[in-house]
Amino acid sequence: MSETRTTAPLTIGDEIELEVTGIAHGGVCVARHDGRVVFVADAIPGERVLARVTEARKKSFARAAVVEVLDASPDRRPHVWTEAAVERTPEERAGGAEFGHIALERQRSLKAEVLAEAMKRFGGVELASEEGEDLADALADLVEPAPGDDETNGLGYRTRVRLHVDAETGAVGPYAARSRRVVPVASLPLASEGINQIAPLTDSIIDVATVDLIDPAADDPRMLLGLPGEKKRAGADDVVRELVEDRGFLVRAGGFWQVHREAPTVLFTAVRDAVQDLIDAERFDATASNLDLYGGVGLLAAAMAEAAGPTIRVTTVESDAGATDDAAENLAELVGALAVTARVDRHLADLLKATAPVRDRMRRGTVVLDPPRSGAGGDVTAQLIELSPANIVYVACDPVALARDTRTLRDAGYELTGLRAFDIFPHTHHFETVAVFERG
Ligand SMILES: C[S@@+](CC[C@H](N)C(=O)[O-])C[C@H]1O[C@@H](n2cnc3c(N)ncnc32)[C@H](O)[C@@H]1O
């Protein structure tokens, strides 16, 4: 007869004492209560906290948020955003800075733990394998800071912010954590000074659903208003100028650009260096079919060209036609660059039907891919495996999605030869990873 585990029922609103033991994917910590896993927000591993249950529908786990810290971690700091601090009731805490109560260095080591755990569990890769080595020591430097963040305590970096408007009151602010309720705030400490100057935080706005604030490197800050029920925002197609070192990039105001002021440079440099390593190892062929998938405005194709030279053959593939137009402009000096508007899966399906010489050029090529948060996914990864490029440089903002695709690529004979991670979202649980795979 199987053993039945009895778990004391939990109800939303219960306050329970928890020993916080670890970090989970998604910015929450892990604790146990009567055998049931509790994902607890606003905690730090090692702490003892009083937490209020916020979700209890599932038998296997519940969710809670800290209301009082009973034994604080040495890494606990006053929250960088007063409106997100534990002193506020959980429903009133501003969302989007879920690590803001943790020392910056510890934020990075927690991100490293999440990456290591995801790679081990879903990717079959052990990142800290030295025997006897403490995991925390082994992972301490894995997640690299963006330039300048240590000096600013990771504040003032965001050049893209979306605020929401309360339909009834017209109040403007971020959503509360884990909810779609607008919370009024006095400032946006993660955002750039330019954004803080134009943010309509004390205004009451009617007939508007979203307020996007952007602060381009080489243009004035601006605001894009989204009307209720409409995807299109006025001014979203205006082209603004961004800078990566001294190289200019044109970007639609409403289009994709990394949110941290330094992130485009960080990723440009990481991809350029990865390609340089492949060139040094004589694994990179500039005349082959090289791809920049989910290419946006061509940032990473430009990084490939910086290492491989201006005669590189490279195609960016991007579903947003405006971004493709900008990519064509941004890559205009590269005679072998082509910018294509297409869904990546459809573009790869076409390549799979191509003639033998095209398929051969593909096999000699290098693919850089930088998918949205959901990752490339099984279908695209399977198509890549069938096309079998010599190298794959995978830029990922979700470690679990990356880890799953890592397992698939390794099972198909690709070796993971490089892995770097970057803390380009301080005070949140997000980070970016650049993984290099070489066909065996
Ligand atoms: C994470 S961004 C990367 C952009 C660019 N690599 C950069 O660093 O600026 C992902 C991009 O993929 C595009 N995208 C999302 N799904 C896509 C798909 N299925 N096919 C092609 N592009 C897609 C988005 O429009 C967005 O520009």
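What you see is a predicted model, and the numbers here were worked out from it, not measured in a lab.

Conventions used here
- Throughout, residues of each chain are indexed from 1 in the direction in which the sequence is written.
- The predicted origin of the model limits local features to residues at a pLDDT of at least 70 and limits the giving and counting of side-chain atom pairs to 80 or more, whereas totals for whole chains, interfaces and linings rest on all residues.
- The basis for every side-chain value is the complete set of non-hydrogen atoms in the structure, without hydrogens or water.
- UniProt positions are given in the numbering used here, feature names are shortened, and annotations may be inferred rather than shown by experiment.
- Pairs of residues are marked as contacts when any of their non-hydrogen atoms sit within 4.5 Å.
- Elements are defined by DSSP. Helices are runs of H or I of four residues or more, strands are runs of E of two residues or more, and each kind is numbered from the N terminus.
- Accessible area is worked out with a 1.4 Å probe on protein chains only. A residue is then buried under 20% of its type maximum, exposed over 50%, and partly exposed in between.
- In this charge count, Lys and Arg are treated as positive and Asp and Glu as negative; neither His nor the chain ends contribute.
- Any carboxyl oxygen of Asp or Glu within 4 Å of a side-chain nitrogen of Lys or Arg constitutes a salt bridge here.
- Polar contacts, as counted here, are pairs of nitrogen or oxygen atoms within 3.5 Å of one another; within protein the pair requires one atom able to donate a hydrogen and one able to accept it, and residues that are adjacent in sequence qualify only if both atoms are side-chain atoms.
- Here a residue is near a molecule or strand as soon as one of its heavy atoms is found within 4 Å of it.
- Throughout, the Shrake-Rupley method with a 1.4 Å probe supplies accessible areas, and for residues the shown protein chains are the sole cover considered.
- In this classification, the charged set is Asp, Glu, Lys and Arg, the nonpolar set is Ala, Val, Leu, Ile, Met, Phe, Trp, Tyr, Cys and Pro, and all remaining amino acids, among them Gly, are polar.
- Only buried residues count toward a nonpolar core, which is a set of Ala, Val, Leu, Ile, Met, Phe, Trp, Tyr and Cys residues joined through side-chain atoms within 4.5 Å.
- The start and end points of each domain follow an automatic or database-based domain assignment.
- When DSSP finds two or more bridges between two strands, those strands count as paired.

Student: Whenever I open this one, the UniProt feature "active site" (unreviewed entry) in the chain confuses me. Can you help?
Tutor: What UniProt calls "active site" (unreviewed entry) maps, in this numbering, to Cys-397. Apart from residues lying up to four places away in sequence, Cys-397 is in contact with Pro-371, Pro-372, Arg-373, Phe-431 and Glu-432.

Student: Please explain the side chain of Asp-398 as it appears in this structure.
Tutor: Within the secondary structure, Asp-398 is located in the loop between strand S17 (391-396) and helix H11 (399-411). Buried Asp-398, no salt bridge; nearest opposite-charge side chain is Arg-373, N-O distance 5.4 Å. A polar side-chain atom of Asp-398 sits 2.9 Å from the main-chain amide nitrogen of Ala-401. Setting aside residues no more than four positions away along its own chain, Asp-398 makes contact with His-25 and Arg-373.

Student: Just checking my understanding: could you explain the site of the ligand for this structure?
Tutor: Every one of the 14 residues lining the ligand counts as a neighbour, but Tyr-294, Glu-318, Ser-319, Val-344 and Asp-370 are closest to it. One nitrogen or oxygen atom from the main chain of Tyr-294 is found 3.2 Å from a nitrogen atom belonging to the ligand. Here Ser-319 contributes a backbone N or O atom positioned 3.1 Å from a nitrogen atom of the ligand. Here the ligand, which alone exposes 600 Å², has 83% of that area covered by the protein. Class assignment of the residues belonging to the shell around the ligand gives a composition of eight nonpolar, three polar and three charged.

Student: Help me out: how do you make sense of the nonpolar core in this one?
Tutor: Across soluble globular proteins, nonpolar side chains have a tendency to be buried as a group. One finds Leu-163, Leu-188, Val-211, Leu-213, Val-271, Met-304 and Ile-424 to be the most contacted residues of the largest nonpolar core, which totals 65 residues. Those elements giving two or more residues to this core turn out to be strand S7 (160-165), strand S9 (210-214), strand S11 (239-244), strand S12 (247-252), helix H5 (263-280), helix H6 (299-308), S17 and strand S19 (432-439). Ranked by residue count, the leading element in this core is H5, at nine residues. Both domains that furnish three or more residues to this core are identified here as domain 2 (98-154 + 235-440) and domain 3 (160-234). Beyond its immediate sequence surroundings of up to four residues, Leu-163 is in contact with Val-172, Gly-173, Pro-174, Leu-188, Leu-201, Ala-209, Thr-210, Val-211 and Leu-213. Ranked by size, the runner-up nonpolar core spans 62 residues in total, among them Ile-16, Ala-56, Ala-112 and Val-367.

Student: How do you make sense of the pairing of strand S3 (residues 36-41) when you look at a structure like this?
Tutor: Successive side chains on a regular strand alternate, one facing one side of the sheet and the next facing the other. Most of S3 sits out of view: five of its six residues are buried. In this structure, the hairpin formed by strand S2 (residues 29-33) and S3 is closed by a connection of two residues, where Asp-34 is found at a positive phi of approximately 50°. The pairing of S3 with strand S5 (residues 61-71) spans five bridges and is parallel. Looking at the pairing, Ala-41 lines up with Ala-65 of S5.

Student: What exactly am I supposed to notice about the environment of Arg-158 here?
Tutor: Here Arg-158 lies in the loop between helix H3 (149-152) and S7. The spacing of Arg-158 and His-260 is 102 residues in sequence and 4.8 Å in space, taken between C-alpha atoms. With sequence-adjacent residues up to four places away left out, Arg-158 is seen in contact with Leu-190, Ala-191, Ser-192, Ile-195 and Val-259. Looking at Arg-158, its side chain comes within polar contact range of the main-chain oxygen of Arg-160, at 2.9 Å.

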